[in-house]
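Coordinate inspection notes
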Amino acid sequence: MTGVPQVHFAGAAFHSLRGQGVIVTGGAGGIGADIVRAFAEQGCRVGFVDRDAGAGAALAAGLEGVHFEPCDVTDVPALQAAIARLAEAAGGVDVLVNNVANDQRHRIEEVTPAYFDERIAVNLRPHFFATQAVLVSMRARGGGSIVNIGSGSWKNKARGLAVYATAKSAMLGFTRCLARELGPDRIRVNCVVPGWVMTERQLALWVDAEGEAEMDRNHCLPGRIVGRDIAHMVLFLAADTARMVTAQEFVVDAGWD
Ligand SMILES: NC(=O)c1ccc[n+]([C@@H]2O[C@H](COP(=O)([O-])OP(=O)(O)OC[C@H]3O[C@@H](n4cnc5c(N)ncnc54)[C@H](O)[C@@H]3O)[C@@H](O)[C@H]2O)c1
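As a starting point, this report considers the structure included with it. No experiment lies behind these values; they were computed from the predicted model shown. (Residues numbered from 1 in each chain as written. Predicted model: local features only at pLDDT ≥ 70, side-chain atom pairs only at ≥ 80, totals over all residues. Heavy atoms only, no water.)

For the structure on display, the rule yields 0 disulfides. In this model cysteine 177 remains outside any disulfide bridge; the closest cysteine sulfur is found in cysteine 191, 13 Å from its own. (Disulfide = S-S within 2.5 Å.)

Quick look at the structure:
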């Protein structure tokens, strides 16, 4: 496949999202950038963090009401400070999308304690501390929606991803326990589980002829999943349309088997 597939489909307008404050982690590229664009299109005030300063600045410059803070999410105090600035710029936080991750491959024999900690520091720890950082604002606004981005990799028993997949499977437990604890504050917490999404990184690193055949074999639906497919599920969960939906996982994988 050459380049990210250009898939066009009519989106929906989620009227309750207009003017809402939204924070996205890892929003400069891949699915995160589609999530940032999708919320901006709904008239939200969006703030996002990413370690890719160039891509982040370029994305924010092209969108109205969008602020970017360069930040490596493995640095928790920097992440907390960036979220505080973005929350102020947005006038408060109604929605948090815990999207950041890095799916670098690793062989079990080669994982050191330092490498293990590094993977957790990008694929799990920031989600907890980003959540902690928005709670005061969400409670003050009478509620909110937190969407954690999981992964089908651990369900599919993917190879070469043991530490990544362990962190991604934890998104489910994290989602369910937060939902119970934050429900009384009308803060809903859900998890979106993407299948194999055709981002620039996936296409550059992992999607070869064998991968294409694997998708053709395992998808119930023809075609490929793109970031916008994930972003639209996130919009639904962020909006009032999902006001009684919490503690759930929503799989967007073309019916992978
Ligand atoms: N693409 C897929 O096929 C797929 C499948 C299942 C789940 N997911 C999940 O979807 C989410 C987005 O994945 P993606 O494929 O868009 O990833 P991606 O690698 O294309 O984009 C990730 C973004 O996070 C940023 N980032 C990475 N490490 C960072 C750090 N330490 N600090 C700050 N920013 C950092 C990157 O710069 C990039 O902009 C992740 O949670 C991933 O686990 C993706």
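Right, let's get into the packing of helix H5 (residues 125–140) against helix H6 (residues 162–182). Running from amino to carboxyl end, H5 crosses H6 at an angle of 20°, the nearest separation of the two axes being 13 Å. With respect to their mutual orientation, H5 and H6 come out roughly parallel. The two elements H5 and H6 meet at a crossing, and its hand is right-handed. Residues His127, Phe128, Thr131, Leu135 and Arg139 of H5 touch H6, and the partners they reach there are Met171, Phe174, Leu178 and Leu182. (Axes fitted to C-alpha atoms, helices over the stretch in contact; angles between N-to-C directions. Helix = DSSP H or I, 4+ residues; strand = E, 2+ residues; numbered from the N terminus. Parallel < 35°, antiparallel > 145°, perpendicular 65-115°, else oblique. Left-handed = near helix turned anticlockwise from the far one by under 90°. Contact = heavy atoms within 4.5 Å.)

Moving on, we come to the site of the ligand. Near the ligand, the surroundings consist of 28 residues, among which Ile31, Asp50, Asn99, Tyr164 and Val197 are the closest. Residue glycine 29 places a main-chain N or O atom 3.1 Å away from an oxygen atom belonging to the ligand. With respect to the ligand, the backbone of isoleucine 31 contributes an N or O atom lying 2.7 Å from an oxygen atom. Notes on the ligand: free accessible area 830 Å², of which the protein chains cover 91%. Elements with a minimum of two residues in the shell around the ligand: helix H1 (30–41), H6 and helix H7 (200–205). Of the residues belonging to the shell around the ligand, the class tally is 12 nonpolar, 10 polar and 6 charged. (Near = heavy atom within 4 Å. Polar contact = N/O pair within 3.5 Å; in protein donor to acceptor, adjacent residues only side chain to side chain. Areas by Shrake-Rupley, 256 points an atom, 1.4 Å probe, with all protein chains shown as cover. Nonpolar A, V, L, I, M, F, W, Y, C, P; charged D, E, K, R; others polar.)

On to the layout of surface pockets. Taken as a whole, the second largest pocket spans an internal volume of roughly 430 Å³. What lines the second largest pocket is a set of 21 residues, and nearest its centre among them are Gly144, Arg186, Arg188, Asp240 and Arg243. Contributions of two or more residues to the lining of the second largest pocket are made by strand E5 (144–149) and strand E6 (187–194). The residue inventory of the lining of the second largest pocket, partitioned by class, reads 7 nonpolar, 8 polar and 6 charged. (1 Å grid on protein atoms, 1.4 Å probe; cavity = no way out; pocket = protein on both sides within 12 Å on 5 of 7 lines; lining within 4 Å. Points joined across faces, edges and corners; volume = space filled by probe spheres on them.)

Attention now moves to the environment of valine 46. With respect to the secondary-structure elements, valine 46 resides in strand E2 (residues 45–50). Every residue in contact with valine 46, bar those within four places of it in the chain, is listed here: Val22, Val24, Val36, Phe39, Ala40, Gly65, Val66 and His67.

The N-to-C vectors of helix H4 (residues 113–123) and H6 enclose an angle of 35°; their axes lie 9 Å apart at closest approach. Here H4 and H6 pass one another in a crossing that is right-handed. Residues Phe116, Arg119, Ile120 and Asn123 of H4 pack against Val163, Tyr164, Ala167 and Met171 of H6. Here the residues of the contact of H4 with H6 sort into 6 nonpolar, 1 polar and 1 charged.

The strands that make up a sheet pair up through hydrogen bonds in the backbone, lying either parallel or antiparallel. Spatial strand order, E3-E2-E1-E4-E5-E6-E7: 7 strands in an open sheet with parallel pairing. In the strand order of this sheet, the two ends are held by strand E3 (66–70) and strand E7 (249–252), each with one partner. The average angle at which neighbouring strand axes cross in this sheet is 15°, direction not considered. Across 5 bridges, the pairing between E2 and E3 is parallel. (Pairing = 2+ DSSP bridges.)

Its 15 residues give helix H3 (residues 76–90) an end-to-end C-alpha distance of 21 Å, which sits within 8% of 21 Å, the value for a rise of 1.5 Å per residue. Every buried residue belonging to H3 is among Val76, Leu79, Ala82, Ile83, Leu86, Ala87 and Ala90, and all of these are buried. The arc that holds every buried residue of H3, seen down its axis, measures 135°, which confines them to one face. Of the exposed residues in H3, those oriented more than 90 degrees away from the buried face are Pro77 and Glu88. The secondary structure elements touched by the buried residues of H3 are strand E1 (21–25), E2, E3 and H5. Trailing H3 by a residue or two, glycine 91 shows a phi angle of about 75°, which is positive. (Expected span 1.5 Å × (residues − 1). Buried < 20%, exposed > 50% of the residue type's maximum accessible area, 1.4 Å probe, protein only. Arc of directions from axis to C-beta.)

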